[in-house]
Structures are given as C-alpha cells and as structure tokens.
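Residue-level structural notes
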Amino acid sequence: MSRDEPITAESIDRLCSAAQLPLPAERRRALAPMLAQLVAAANELSRKMSGSGYRGIVPILRFPER
Amino acid sequence: MTHPDVQNLTIREAAARIQRSALSPVELTDALLQRIERVNKTLNAYITVCAQQAREIAQAAETMIRAGYHLGPLHGIPIAIKDNIYTRGIRTTAGSKILGDFVPDEDATVITRLKRAGAVIIGKTNLHEFAWGGTTDNPHYGTCRNPWNPERFPAGSSGGSGAAVAARTCLGALGTDTGGSIRLPSSVNGIVGIRPTIGRVSNHNVVPLAWTMDTVSPMTRTVDDCVLMFEVIAGHDPLDEHSAQAPVSDYRAELTRGARGLRVGLIRDYSLTHVQPAVGATIRAALQTLQSLGVEVEEIAMPSIHGNISAQLTIESCEPSTYHQEWLRTRPADYGDDVRTLLELGEMYLATHYLQAQRYRSVLRKEFLDGFRRVDVFVTPTLPFTATPCGATTVAIEGTREEDMLSAIMQFTGVPSLAGLPALSLPVGFDADGLPVGMQVIGRPFDEATLFRLGHAYQQATDWHTRAPAL
C-alpha cells in the first residue's frame, strides 16, 4: 500500500462502519476530500514525532502544576 | 451622571461611584438594558437577556450598599455570560438547538464566585454552536455581528461576549477559550481578553469542547477590569478535578509595576510572518511603544512551532467528537452543518494521530519553557487578519490567495492552547477600515500577573482601549 493512497468515499464507509456512525451517502462523499487533507497533515506530524529524537517524549494528557 | 454616560464607565470607575453611592446599580443596569434593547437587533450578541432578574439583583445590591454591606468592586456591576456556562434557573443553550431548552439547576463555579462578589448577570451571550468554531455565525440564534462594522464578524466562539463588551451593553463578560475563543473575539472587537493557564479557573459546569484545552475567563475593555474579574474567579475548585492547586498570585500588587525591564520574545519566522500588512505594521508599532516603556525585545527560535495547526485540529476535533458521540447519532440534523461536519470528521482520526498530537504538545511546551529562560513573555498578533465579512469561510492574508478560515484563524492562538500557557489579547490599534487589531502576549504557566502588568503599562501609554464603536 502506498503512503499516498487517497482517502475515498470507500475509506469513509469503512471508518463509519468501525465507528458505528450511520452517515448518508452524500455526506460520506463530501467528507472524503476534507479528511484527506486533515489526515495528510496528521500523518506528517506522526512521522515527525515517530523519529528517534522524540523517542522519550510522553503525551500531555494533563498538565503538571508547574 | 446621566444615563448615556454610564455605559462608557469601566468596571473600576463604576465600582468607585457605586461604593460611594454616586451611582445606583439600578440606574446602571437599566441604562445597559436599554442599550441592549437598542443595539442587539443589529448585533445579535445576546441569546437571553435577563432583564427582570438583573433589575432585582441590582435593587438588592443597592439596598445592601446603602446599608453599608459592600461585597467588593464587582458588587452591582452588570456582567454578561457566554451561553455555554451554566447559570442556575437561566436557559443555557451552548448556542445549540440540542440544548435549546436546557435550564441548569446549578451554577458553574465561576458564576457562583461572581454572584458572591455581587455581580449582576445581565444576559447570556451568543456563541458559535457548542463553541466549535470561530465566527459566531450561529444557525439557531442568528449571526452575531461586529459593533465596529456590523457587516463584519465578531470572531468566536465567544463572539457574543466580545460584541457585548465592545458595544457597551455590559461592563465585562465571561467567555471560554479552547483554541482562541476568548482571544479571537477580543482582538476583532478591540477589547481585552485572557486565556488563563489551564486549570487556573474552574471549568465546573461549563459545557465542554475539548477537555485538555478548555478554559473560562473574562473579557473587558481594560486590563485593570480584567484583573478585577479574574481575581474573583481564579483559584482551585474541588468540584473540577483538573483545577490547579497552585496558589493564586496577587495580580493587583504586580499590576502597577510598569513594563520596564520586561523581556519580550518574538518567535523567529513566526511571530510576524504571514500576516496582513496592516496587522504587521500595527504590531510593530505596539512593540515600539513597549520599547519606549523600557521593554527589551529579542528574537527566539522555536523550530517545532510549525506543526501546531495540525496538532490543534487533531485534538480539537477528536475531543469534541468524543463528547458529542451520542447526539451525533441520535440528533445529527439538529446541528448546524459546519459543526456537524467537524464532529463527523473528528470520529475518523486514528488513536495514534491523537496521541502523536499530544506528544507534540510536550515538545512545544518544552521549547516555550526553554525560551522563558531568556524572555518573560512572547508576542504575536492575536489574528493575522482583521474582521472578515460575516459568513466568509475563507480569508486572504497575503495577496489575494484565499485560505480556509478555521486554519487561518488559529494560526497564533492555537499555540498557547497546545502548550498550556496563559495568553492575553490586547487592543493595539486599527486598520485603515477602522477595524481593531489585537496583540497576543503569551506568558509562563501561572504567570498571568506578568501579562496583566505588561498590558496595563501599555494601556497607560495608549488610548486604543478608550475608543468606542459608533453604534
């Protein structure tokens, strides 16, 4: 599978199925290009954060007091 | 003092007159209610106006004060409340159809604290639906408009509170800020707004947007007034399990120290990059004013800052979508289309996307904390542009290239939200069309005092905050 495979309406179908989110077909088609852009940016950030230089970084889920 | 003048009083000015019985809280509240009636048809800043209760509480305040019971500077002061903050017995819609009939039986902690200080709640303000957006173009309660030019937006999501304060219909307001929702409307409405350090102010009984970024805070015309409200609502709340135990600073003691000696950081290739020319020129002029007050300015590199938009969108999509899961399945058609779309998209990120974004926040926060060894605050514009036409979904920042509004709007405000830092938006001038420009000042964790100190010094040297829209 190529890293650059687009997000398609079929991708949205599978995601909706996994999330048990019933969306009409026209909404699924409309979401595909928007999700493609968002996921591309999120994947780029994920690639950066997966680098060896960030191995020790933990997620912020609650900020420390100071 | 005649009725037309009282709307222009600051909280401090009104408080001094009320305390010595030179101004009646009833007269003040009546004057503001009349002003709401006159301008709200144009601005649509309020969803609910609490006229009867406000008059009753104002009367009670007057009775108490005349008998010598004065609760403090907010006693008898009319304050507007963003409509995602619970107010007992008063409809709290969150700008939505889904909560259109919701009447809480409890106050938010911030409301409890304001009431104990004697504030008069004058109304509940319009917001972007469920606070998930930056325009306050609300499909259920109408488009909120900017008092400086009603064809322009008031930003959001606390657009109603921003417009209400700027239009002199209240002396202060509460807003909420997740990715910029206090600072953005403060900027385009020409007022002061602060995003506190996460956990500094209780979120108890506030309708959430994104749990790891939500905050509540004041919006006022002056920094001084912001301090008066902030010191009432700040502090640990046992009802909010994420509320910080850190002691509350004496903001008043720091306020009048002046700006001399403070060090301001500009982030290289970021702070003044990708902004409309008028915004850039106005921020540079504001920095020169600060330098004339004895502030030092230096450039700091922050190499990780450019991942912030994606991280912001990922977190601010996934968390609201989690909160809204049931309604999105049972009442999808009751959302406005823009919010419904964002909630649907937020269900489709991977867990690893979300956690990598949360790891990015650690990196960004560390770079800021390293930077705070050299400077006391960082400065950026609050927004890279001034108020756009109502209904616009894109904006041109450089040249004529139109950009998506949501990403553009969070260009600068997302960063302190991600890093858990406090940030103040200050009015610093106007563009050629008379639209306000705001400057964002970002501080160390729990160092709201330095933000207030710098902002107050700036306002002592300038008069932008005294100007009023011609409504």
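Scroll up to find the structure.
Residues numbered from 1 in each chain as written. Chains lettered and ligands numbered in written order. Predicted model: local features only at pLDDT ≥ 70, side-chain atom pairs only at ≥ 80, totals over all residues. Heavy atoms only, no water.

1. Structural notes on the overall build of chain B
Tallying secondary structure elements over chain B gives 17 helices and 15 strands in all. Taking the principal axes of its C-alpha atoms as reference, chain B extends roughly 60 × 60 × 45 Å. Counting all 471 residues of chain B, 67% fall into the buried class. Long-range pairs, those at least 24 residues apart, make up 77% of the contacts in chain B between residues at least 6 apart in sequence. Working note: accessible area of chain B is about 15500 Å², and carbon and sulfur atoms make up 49% of it. (Helix = DSSP H or I, 4+ residues; strand = E, 2+ residues; numbered from the N terminus. Buried < 20%, exposed > 50% of the residue type's maximum accessible area, 1.4 Å probe, protein only. Contact = heavy atoms within 4.5 Å. Areas by Shrake-Rupley, 256 points an atom, 1.4 Å probe, with all protein chains shown as cover.)

2. Let's talk about the overall build of chain A
Each helix and strand counted, chain A has two helices and zero strands in total. Looking at the 66 residues of chain A, the share that counts as buried comes to 26%. Per element, the accessible surface of chain A, about 4500 Å² overall, is 54% carbon and sulfur.

3. Structural notes on the environment of A31 of chain B
Position of A31 of chain B relative to the elements: it lies in helix α3 (residues 25-43). Once the C-alpha coordinates of A31 of chain B and T322 of chain B are considered, the two residues, 291 residues apart in sequence, prove to be 43 Å apart.

4. Remarks on helix α10 (residues 277-292) of chain B
All names here are of chain B. For α10, which comprises 16 residues, the first-to-last C-alpha distance of 23 Å matches the rise-based estimate of 22 Å (1.5 Å per residue) to within 8%. Buried within α10 are the following residues: V279, G280, T282, I283, A286, L287 and L290. Viewed along the axis of α10, the buried residues span an arc of 165°, placing them on a single side of the element. Residues of α10 that are exposed and point over 90 degrees away from its buried face: P277, Q288 and S292. (Expected span 1.5 Å × (residues − 1). Arc of directions from axis to C-beta.)

5. Remarks on the pairing of strand β9 (residues 263-267) of chain B
Residue and element names in this part refer to chain B. With respect to burial, β9 is a largely interior element, four of its five residues being buried. Looking at chain direction, β9 and strand β10 (residues 296-300) are connected through five bridges and run parallel. When the bridges of β10 are listed, L266 appears paired with E299. For the segment spanning β9, α10 and β10, crossover handedness is right-handed. Sheet topology places β9 next to strand β11 (residues 377-381); three bridges connect them, and they run parallel. Bridge assignment links V264 to a residue of β11, and that residue is V377. (Pairing = 2+ DSSP bridges. Right-handed = clockwise from strand over helix to strand, strands pointing away.)

6. Examining the side chain of Q411 of chain B
Among the secondary structure elements, Q411 of chain B is positioned in the loop between α15 (405-409) and α16 (414-419). We classify Q411 of chain B as buried; its relative accessible area is 10%.

7. Description of the packing of aromatic side chains
Residues and elements named next belong to chain B. The tally for this structure, following the rule as stated, stands at 14 aromatic pairs over all chains. Centroid distance Y251 to F452: 5.5 Å. Interplanar angle 85°. Geometry classified as edge-to-face. Of this pair, Y251 sits in helix α9 (residues 251-255) while F452 is found in helix α17 (residues 448-461), placing the two residues 201 residues apart along the sequence. Accessibility expressed as a relative area gives 0% for F452, which makes it buried. An aromatic cluster is defined as three or more aromatic residues linked by ring pairs; in this entry it consists of F130, W211, Y323, W327 and Y335. (Phe/Tyr/Trp six-rings, centres within 6.5 Å; stacked < 30°, edge-to-face > 60°.)

8. With respect to unusual backbone geometry
Peptide bonds are, in most cases, trans, and in most cases residues other than glycine have a negative phi. All names here are of chain B. Here the amide bond leading from G156 into S157 is cis, since omega sits at 15°, within 30 degrees of zero. Mapped onto the fold, S157 is located in the loop between β5 (142-143) and α6 (159-166). A positive phi is found at T136, a non-glycine position, where the angle reads about 55°. Following the sequence through the fold, T136 ends up in the loop between β3 (120-125) and β4 (137-138). You will see that R168, though not glycine, has its phi angle at about 60°, which is positive. Within the fold, R168 resides in the loop between α6 and β6 (172-177).

9. A look at a nonpolar patch on the surface
On the surface, a cluster of nonpolar side chains totalling about 300 Å² of accessible area is made up of M64, Y69 and L71 of chain B. Looking at the secondary structure, you find M64 of chain B in helix α4 (residues 51-66). (Patch = residues over 30% accessible without salt bridge, like charges linked within 9 Å, V, L, I, M, F, W, Y side chains within 5 Å. Salt bridge = Lys/Arg side-chain N within 4 Å of Asp/Glu carboxyl O.)

10. What to know about the interface of chain A and chain B
Interface size is commonly expressed as the accessible area that is lost once the parts come together. Contacts between the two partners involve 35 residues from chain A, matched on the other side by 42 residues from chain B. Both sides together, the interface formed by chain A and chain B hides about 3300 Å², and carbon and sulfur atoms give 62% of it. At the boundary of chain A with chain B, the tally comes to two salt bridges. Its salt-bridge partner being R27 of chain A, residue D337 of chain B comes within 2.9 Å of it at the nearest N-O pair. Taken together, the elements giving at least two residues each to the side of chain A that touches chain B come down to α1 (9-19) and α2 (25-49) of chain A. (Buried area = accessible area lost by both parts, 1.4 Å probe.)

11. A few points about the packing of helix α11 (residues 308-323) of chain B against helix α14 (residues 351-371) of chain B
Helix-helix packing is described using two parameters, namely the angle between the two axes and the distance between the axes. All names here are of chain B. Relative to each other, α11 and α14 sit at 125°, their axes nearing to 9 Å. Comparing the axis directions of α11 and α14 gives the class oblique. In this structure, α11 crosses over α14, and the sense of that crossing is left-handed. Residues N308, A311, T314, I315, C318 and E319 of α11 form the contact with α14, whose own contacting residues are H353, Y354, A357, Q358, Y360 and R361. Taken together, the residues that form the contact of α11 with α14 break down as six nonpolar, four polar and two charged. (Axes fitted to C-alpha atoms, helices over the stretch in contact; angles between N-to-C directions. Parallel < 35°, antiparallel > 145°, perpendicular 65-115°, else oblique. Left-handed = near helix turned anticlockwise from the far one by under 90°. Nonpolar A, V, L, I, M, F, W, Y, C, P; charged D, E, K, R; others polar.)

12. A word on the state of the cysteines
Residues and elements named next belong to chain B. Enumeration over the complete set of coordinates arrives at zero disulfides over all chains. With no disulfide of its own, C50 lies 12 Å from the sulfur of C170, the closest cysteine sulfur. Here C144 stays free of any disulfide, with the sulfur of C390 as its closest cysteine sulfur at 8.1 Å. (Disulfide = S-S within 2.5 Å.)

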